[in-house]
Amino acid sequence: MKRRNFIKNTSLSTAGIISASLLSSCENEDKKTTAKQEEKETIKPIAVCTWNFENANSKAWEVLANDGNALDAVEQGAMAEEANIKNTTVGIGATPDRDGNVTLDACIMDKDSNCGAVVYLQNIVHPIAVARKVMEETPHIILAGKGAEQFAYEQGFKKTNLLTEKARKRWLEWKKTSKYETIINIENHDTIGMLAMDKHGDIAGACTTSGMGYKVGGRVGDSPIIGAGLYVDNEVGGATATGVGEEVIRTVGSFLIVELMRQGKSPQEACEEGVKRIMAKNKGRKDFQIGFLALNKKGETGGYCVHPGFTYRKATNVGHTNEQVDSFYKKKV
Ligand code: GLY
């Protein structure tokens, strides 16, 4: 082939390739747009939380039903329980540590992987809202103890005595027989973890707790630790944990669940695998409770829990159907 013809032929065929690939990329773009539209049409907002905290789920659902975003939904849902004086495991009315101090832990994470947390926070009813302020108003992720409390006051939160008379009486009773010894108390692990997906398909999560009942002063559990008590990756989904925080921290539990979903597991399969890994490391032990809850981008939920007393409770799932589902079901070990 003469050089001139070679150039001509090359140009022609290159032009052909370009237009063919342009065409196919236009078609792909069209297909992508249609797929995105279909995806949007099928997005069904959902809010789900550990255990049967109906106040939390109803509040979160109210936010989503009014076109609110997932972050507001999980924050407001968690706040509903923090303000519930009858709830002995979060916010006001919570069980104190062995010295009678109520110390709270919480964290929050949004669709862009922004996160904020508070640990060992005292005198503030809504640690989850302070965690959000840490996320939005500071360059940090975690504030602890007196610093977190001071920051909360600067942000306009008011000082409140969190130790109710009932909780104080229970603590005094505990002191009579406990020998000041912290034991794993399965009834004081009802951490609230919330996950929500909004009408844009974006996921956020929140987790708040008073931690282990009558814990050693200064103890912090999994709930305010991003990756342990809560993790959200908006490409994949979110997960949150409840139960003995030490066990969840050891396995970086919520991060594990999200990564298992990324590898193709359903939320249910991922939660089961997470609990089984913890149990495998604790062969023969039946004295603690662990549960995971997960939500993926399709709006599918899953939950799995092991409880030594075998008196399992269902979590409420107030989603687009506004019905309860057995997403957090019970299994013997
Ligand atoms: N999962 C709550 C705690 O252990 O503090």
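Note: the structure precedes this text.
Reference entry: report on the structure contained in this document. None of these values were measured; they are calculated from a predicted model.

### A few points about the overall build of the protein
Part 1: Helix and strand counts for the protein stand at nine helices and twelve strands.
Part 2: Residue burial in the protein is summarised as follows: out of 333 residues, 53% are buried.
Part 3: Of the contacts formed within the protein by residues at least 6 apart in sequence, a portion of 67% connects residues at least 24 apart.
Part 4: Accessible area for the protein stands at about 15,800 Å²; split by element, carbon and sulfur atoms hold 52% of it.

### Details of the site of the ligand
Part 1: With respect to spatial proximity, eleven residues lie near the ligand, and among them Thr191, Arg219, Asp222, Gly243 and Gly245 are the closest.
Part 2: Glycine 245 has a polar backbone atom sitting 2.8 Å from an oxygen atom of the ligand.
Part 3: Relative to its unbound accessible area of 200 Å², the ligand is 100% covered by the protein chains.
Part 4: A per-class count over the shell around the ligand returns two nonpolar, seven polar and two charged.

### Looking at the nonpolar core
Part 1: Formed by 38 residues in total, the largest nonpolar core has its most connected members in Ile257, Val275, Ile290 and Phe292.
Part 2: Leaving out residues up to four positions away in the same chain, isoleucine 290 has contacts with Thr242, Gly243, Val244, Glu247, Val248, Val275, Ile278, Tyr304, Cys305 and Val306.
Part 3: Formed by 37 residues, the second largest nonpolar core is a distinct cluster that contains Trp61, Val63, Val134 and Ala196.

### Digging into the side chain of threonine 138
Part 1: Among the structural elements, threonine 138 can be located in the loop between α4 (127-137) and β4 (142-144).
Part 2: Side-chain polar atoms of threonine 138 contact the backbone oxygen of valine 134, separated by 2.7 Å.
Part 3: From its side chain, threonine 138 meets the backbone nitrogen of histidine 140 in a polar contact 3.0 Å long.
Part 4: Once residues within four sequence positions are removed from consideration, threonine 138 is found in contact with Lys133 and Phe151.

### Observations concerning the packing of aromatic side chains
Part 1: Evaluation of the coordinates by the stated rule reveals two aromatic pairs.
Part 2: Aromatic pair tryptophan 174 and tyrosine 214: ring centres 4.5 Å apart, planes at 15°, arrangement stacked. Here tryptophan 174 is found in helix α6 (residues 165-178), whereas its partner tyrosine 214 is found in the loop between β6 (203-209) and β7 (230-233), with 40 residues between them in sequence.
Part 3: Accessibility expressed as a relative area gives 14% for tryptophan 174, which makes it buried.
Part 4: A cation over a ring is seen here: arginine 98 above tyrosine 180, with NZ or CZ 4.0 Å from the ring centre.

### Some points on the pairing of strand β9 (residues 290-296)
Part 1: For β9, the tally of buried residues reaches seven of seven residues, placing the bulk of the element in the interior.
Part 2: Bridge count for strand β8 (residues 237-243) against β9 is seven bridges, and the pairing is antiparallel. Paired with threonine 242 across the strands is glycine 291, a residue of β9.
Part 3: As paired elements, β9 and strand β10 (residues 301-306) share six bridges and run antiparallel to each other. Of the residues in β10, the one forming a bridge with glycine 291 is cysteine 305.
Part 4: Between β9 and the antiparallel strand that follows it, β10, lie four residues; glycine 299 among them carries a positive phi value of about 85°.

### A word on the pattern of salt bridges
Part 1: With the rule as written, the count across this model stands at 15 salt bridges.
Part 2: Between lysine 176 and glutamate 173 there is a salt bridge, with its nearest N and O atoms 2.7 Å apart. In this pair, lysine 176 and glutamate 173 both sit in helix α6, three residues apart, roughly one turn of the helix.
Part 3: By relative accessible area, glutamate 173 is classed as partly exposed at 46%.
Part 4: Each of Asp72, Glu75, Arg132 and Glu136 takes part in salt bridges that share partners, so that together they form one network.

### As for the packing of α4 against helix α5 (residues 145-154)
Part 1: Relative to each other, α4 and α5 sit at 80°, their axes nearing to 10 Å. Between α4 and α5, the angle is such that the two are roughly perpendicular. Counting all contacts with α4, which are made through Val130, Lys133, Val134 and Glu137, the residues of α5 involved are Ala148, Phe151 and Ala152.
Part 2: Residue composition of the contact of α4 with α5, grouped by class: five nonpolar, no polar and two charged.

Cut-off values and rules
Residues numbered from 1 in each chain as written. Predicted model: local features only at pLDDT ≥ 70, side-chain atom pairs only at ≥ 80, totals over all residues. Heavy atoms only, no water. Helix = DSSP H or I, 4+ residues; strand = E, 2+ residues; numbered from the N terminus. Buried < 20%, exposed > 50% of the residue type's maximum accessible area, 1.4 Å probe, protein only. Contact = heavy atoms within 4.5 Å. Areas by Shrake-Rupley, 256 points an atom, 1.4 Å probe, with all protein chains shown as cover. Near = heavy atom within 4 Å. Polar contact = N/O pair within 3.5 Å; in protein donor to acceptor, adjacent residues only side chain to side chain. Nonpolar A, V, L, I, M, F, W, Y, C, P; charged D, E, K, R; others polar. Core = buried A, V, L, I, M, F, W, Y, C linked by side-chain atoms within 4.5 Å. Phe/Tyr/Trp six-rings, centres within 6.5 Å; stacked < 30°, edge-to-face > 60°. Lys NZ or Arg CZ within 6 Å of the ring centre and 35° of its normal. Pairing = 2+ DSSP bridges. Salt bridge = Lys/Arg side-chain N within 4 Å of Asp/Glu carboxyl O. Axes fitted to C-alpha atoms, helices over the stretch in contact; angles between N-to-C directions. Parallel < 35°, antiparallel > 145°, perpendicular 65-115°, else oblique.

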